Amino acid sequence: MEDLSRPGSRSDSPSSRSRRGGRPDPADVRQLADSPVSLRRVARLFAPHRSTLTVVVALIVLSSTVSLAQPFLVRHVIDEALPRQDVRLLLVLVGAMLAVAIATAAIGVVQTWLSTSVGQQVMHRLRSDLFAHLQRQSLDFFTRTRGGEVQSRLVNDIGSMQGVVTQTATSIAANVTVVAGTAVAMVALSWRLALISLVVLPPAVLLTRQVARMRHRITGERQRRLADLHVQIEEGLSVSGVLLSKTLGASPRLTARFDETSSDLVGLEIRSRLAGRWRMATMNVVFAAVPAAIYLAAGLPATSGGMTIGTLVAFIALQGNLFRPLMGLLNVGVDLTASMALFSRIFEYADLPVDLVEASDPTRLERTSARGEVRFDGVGFGYDPDRPVLAGIDLVVSAGSTLALVGETGSGKSTLASLVPRLRDVTTGSVTIDGVDVRDLASADLAELVGVVTQETYLMHASVRDNLRHARPDATDAEIEDACRRARIHELVASLPDGYDTLVGSRGHRFSGGEQQRLAIARTLLRDPAVLVLDEATSALDNETERAILETFASVSATRTTITIAHRLSTVRDADQIAVLHDGRVVELGTHEELLLRGGRYADLVRGGLERERSAA
Ligand SMILES: Nc1ncnc2c1ncn2[C@@H]1O[C@H](COP(=O)(O)OP(=O)(O)O)[C@@H](O)[C@H]1O
Ligand SMILES: [Mg+2]
């Protein structure tokens, strides 16, 4: 019943947050406070694309400048061409207006193409490097990290980087040039009107921003309540959720809570709609009011300064261009925080030290020359340095022999076995294969030497054949079938409509736990490792199949050393040595008969039924 109480998983991926709104996301601010990012480091990522980026900036400046010609052309049309009915001049001016529009549009396309490809290339580099770096992390890193977190950083954070970074950078560049250029042009057209705009524009911009912030706040609240509603639906209407609420008699409480959340949403939805309307309304009023104020100023003798109608129209057009870039610049802080937080999350992973360091000058030990003797010398290990899980373990598993590890759940069997394929490193002492410390072996050699089958098998979403070939890419079809025959799974696979091409997993054939285990065993047999580590590898199999498979394991290679963890007496009995673990120490060591005679812990385990221990595991 344990996992029924697990809360519904909430999706709060960092990139799903919205950036449009007046204030930086608190989670982003926290992220940056926890692990600050230096601008120089971000710049280094873009350094290889320096020349492209220079072109991008040049294009932005060019297109903003070119588009500034528009109002001056309008002024000419109104003040010169129209009153004089000069058709030739009119044609030239109109043609120029069209040319300016086409030129800025074309520049925009090129600029987007360049900046997107730089963004994508930087993203691709980061993504690949991070993937490789994370692959080198130890198993414990992945056990420690919240499920989905690693994937989210790799896919979402780096994915949104393209949008956030290139957009932030280009919009800052564009907004700055537009605001600066427009301001210069406005002064050039009429310094009086420019002064007036200086008085009218800022309050208008600030008012709009205030309303936008209010709307953002309400929308955020609505989003959160909506997420609550989703979680409650998930918890209350899923099979396990319903099972839990029925068995706990929690249905009335859940219904009441749902009712409350749902009614909260009514008010929030209304406020959020209204806030949206308010925003539109303010914008409309502002967009009407600012030109009105300028017309007024232009009409009053005190402020007009004898300007032409053309100047006035051109000026009105110019100030209209100013509004959005100004709003954009006010949000620069928010955009920058969001971008830097993304980098911070990505760098945090990129900076993780690799806790399993590959030997710089690895000793070679090839499968063909390896005998497969495994020694544990004074091995100690702790997940947490203050709390040792294993201590003082000395064991010699001579080449070709079998060591069985038994002991209660939590006694350290899996941890000890995981030191051989170097899923983690010893804290003290050493683990050696044929006298070579596993830490001195090249990881490729070690993977070749040691095969691991655990209770939890992992099969990829691919065909049976590809799953097996993943273990040995050069395996022939005949070898694959042979491995499956030995793992007692060939008959079943062959009987499926698609045979070895059957897809494994949720969208393909759902193999049972025992069948998956046999596939995993076939996969390992295909590799034919010198040292085999079986951690409850046959736990999901019936006695008979287990026996058959263990016989295959024993018979295929005389030089194979096996370290097996099992709860079944039948599996343990024939081992050359049995080590009984208790609290991370070997408390008894010997053969089945010897240990039974001793009448110690092993004898107790056997009497209590090694077999039944499994249900407690
Ligand atoms: N990834 C881990 N992080 C921290 N502690 C762990 C981890 N895995 C196992 N342990 C702890 O180490 C001890 C030994 O676990 P394990 O080797 O799995 O025992 P066994 O396989 O004999 O049941 C237990 O106390 C367990 O809680
Ligand atoms: Mg275990």
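Residues numbered from 1 in each chain as written. Chains lettered and ligands numbered in written order. Predicted model: local features only at pLDDT ≥ 70, side-chain atom pairs only at ≥ 80, totals over all residues.

A look at the overall build of the protein
- Looking only at helices and strands, one finds 24 helices and 10 strands in the protein.
- For 617 residues, the compact-globule estimate of 2.2 N^0.38 gives 25 Å, and the C-alpha radius of gyration of the protein, at 36 Å, exceeds that figure by more than 25%.
- Each principal axis of the C-alpha distribution contributes one length, and for the protein these read about 115 × 60 × 55 Å.
- Looking at the protein residue by residue over its 617 residues, the buried ones come to 29%.
- Summarising the internal contacts of the protein: among those between residues at least 6 apart in sequence, 78% fall at separations of at least 24. (Helix = DSSP H or I, 4+ residues; strand = E, 2+ residues; numbered from the N terminus. Rg over C-alpha atoms; globule rule 2.2 N^0.38 Å. Buried ≥ 20, exposed ≤ 12 C-beta atoms within 10 Å, placed from the backbone. Contact = placed C-beta atoms within 7 Å.)

Looking at unusual backbone geometry
- In this model, Gln85 sits at a positive phi of 50 degrees, which is unusual for a non-glycine residue.
- Here Gln85 shows up in the loop between helix 4 (69–84) and helix 5 (87–135).
- Although it is not a glycine, Asp528 sits at a positive phi angle of roughly 50 degrees.
- Looking at where Asp528 falls in the secondary structure, it is placed in the loop between helix 19 (513–527) and strand 7 (531–535).

Let's talk about the site of ligand 1
- In the vicinity of ligand 1, the contacting residues are Asp140, Thr143, Tyr383, Val389, Gly407, Thr409, Gly410, Ser411, Gly412, Lys413, Ser414 and Thr415.
- Mapped by element, the contributors of at least two residues to the shell around ligand 1 are helix 6 (139–144) and helix 14 (413–418).
- Per-element accounting of the shell around ligand 1 gives the leading share, 3 residues, to helix 14.
- Broken down by class, the residue content of the shell around ligand 1 amounts to 2 nonpolar, 8 polar and 2 charged. (Near = placed C-beta within 6 Å. Nonpolar A, V, L, I, M, F, W, Y, C, P; charged D, E, K, R; others polar.)

A word on the sheet that holds strand 10 (residues 585–590)
- With mixed pairing, the 6 strands of this open sheet are ordered in space as 6-7-8-3-9-10. Edge positions in the sheet fall to strand 6 (450–454) and strand 10, since each has one partner strand and no second. Here the strands of the sheet are splayed against their neighbours by 15 degrees on average, with no regard to which way each runs.
- Note: strand 9 (residues 577–582) against strand 10, 5 bridges, orientation antiparallel. When the bridges of strand 10 are listed, Leu581 appears paired with Val586. (Pairing = 2+ DSSP bridges. Axes fitted to C-alpha atoms, helices over the stretch in contact; angles between N-to-C directions.)

Some words on the sheet that holds strand 5 (residues 436–437)
- Spatially, 4 strands are ordered 2-1-4-5 in an open sheet, and the strand pairing comes out antiparallel. Since the sheet does not close on itself, it has two edges, and those belong to strand 2 (390–397) and strand 5, each with one partner.
- In the sheet, strand 1 (residues 374–381) pairs with strand 2 via 5 bridges, with the strands oriented antiparallel. Within strand 2, the position partnered with Val379 by the bridge is Ile393.

Here's the deal with the pairing of strand 3 (residues 402–407)
- Of all 6 residues that make up strand 3, 6 are buried, and the element is covered over most of its length.
- Side chains Thr402, Ala404 and Val406 of strand 3 all project onto a buried face; the interleaved residues Leu403, Leu405 and Gly407 project onto the opposite face, where all are buried too.
- Looking at chain direction, strand 3 and strand 8 (residues 561–565) are connected through 4 bridges and run parallel. Along strand 8, the bridge assignment pairs Leu403 with Ile563.
- Strand direction decides the pairing type here: strand 3 and strand 9, joined by 5 bridges, are parallel. Residue Val406 lies in a different strand from strand 9, and its bridge partner there is Val580.

Topic: the packing of helix 7 (residues 149–189) against helix 12 (residues 309–330)
- The N-to-C vectors of helix 7 and helix 12 enclose an angle of 150 degrees; their axes lie 9 Å apart at closest approach. Overall, the two elements helix 7 and helix 12 adopt an arrangement that is roughly antiparallel. Considering the relative orientation of helix 7 and helix 12, their crossing is left-handed. Counted together, Ser171, Asn175, Val178, Val179, Thr182, Ala185, Met186 and Leu189 of helix 7 and Thr311, Ala314, Phe315, Leu318, Gln319, Asn321, Leu322, Pro325, Leu326, Gly328 and Leu329 of helix 12 form the full contact between these two elements.
- Of the residues in the contact of helix 7 with helix 12, the class split is 12 nonpolar, 7 polar and no charged. (Parallel < 35°, antiparallel > 145°, perpendicular 65-115°, else oblique. Left-handed = near helix turned anticlockwise from the far one by under 90°.)

Considering the domain arrangement of the protein
- The domain architecture assigned to the protein consists of domain 1 (23–190 + 324–357), domain 2 (191–306) and domain 3 (374–458 + 531–616).
- Placing the centre of domain 2 and that of domain 3 at their C-alpha centroids yields a distance of 62 Å. (Domains from an automatic or database assignment.)

Here's the deal with the environment of Leu189
- Tracing the backbone shows Leu189 in helix 7.
- With 118 residues separating them along the chain, Leu189 and Pro71 place their C-alpha atoms 9.3 Å apart.
- Once you skip the residues sitting within four places of it in the chain, Leu189 turns out to touch Thr311, Ala314, Phe315 and Leu318.

Some points on the nonpolar core
- Membership of the largest hydrophobic core comes to 67 residues, with the highest contact counts inside it found for Leu405, Val420, Ala522, Val531, Val533 and Ile578.
- For this core, the leading source of residues is helix 19, giving 6 residues.
- Membership of the second largest hydrophobic core comes to 19 residues, among which are Leu68, Ala297, Phe315 and Leu318. (Core = buried A, V, L, I, M, F, W, Y, C linked by C-beta atoms within 7 Å.)

Here's the deal with the packing of helix 4 against helix 12
- Contact geometry for helix 4 and helix 12: axes closest at 8 Å, N-to-C directions at 155 degrees. Judged by the angle between their axes, helix 4 and helix 12 are roughly antiparallel. Of the two possible hands of crossing, helix 4 and helix 12 adopt the one that is right-handed. Facing helix 4, whose interface residues are Pro71, Phe72, Val74, Arg75, His76, Ile78 and Asp79, helix 12 presents Ile309, Gly310, Thr311, Val313, Ala314, Ala317 and Leu318.
- Taken together, the residues that form the contact of helix 4 with helix 12 break down as 9 nonpolar, 3 polar and 2 charged.

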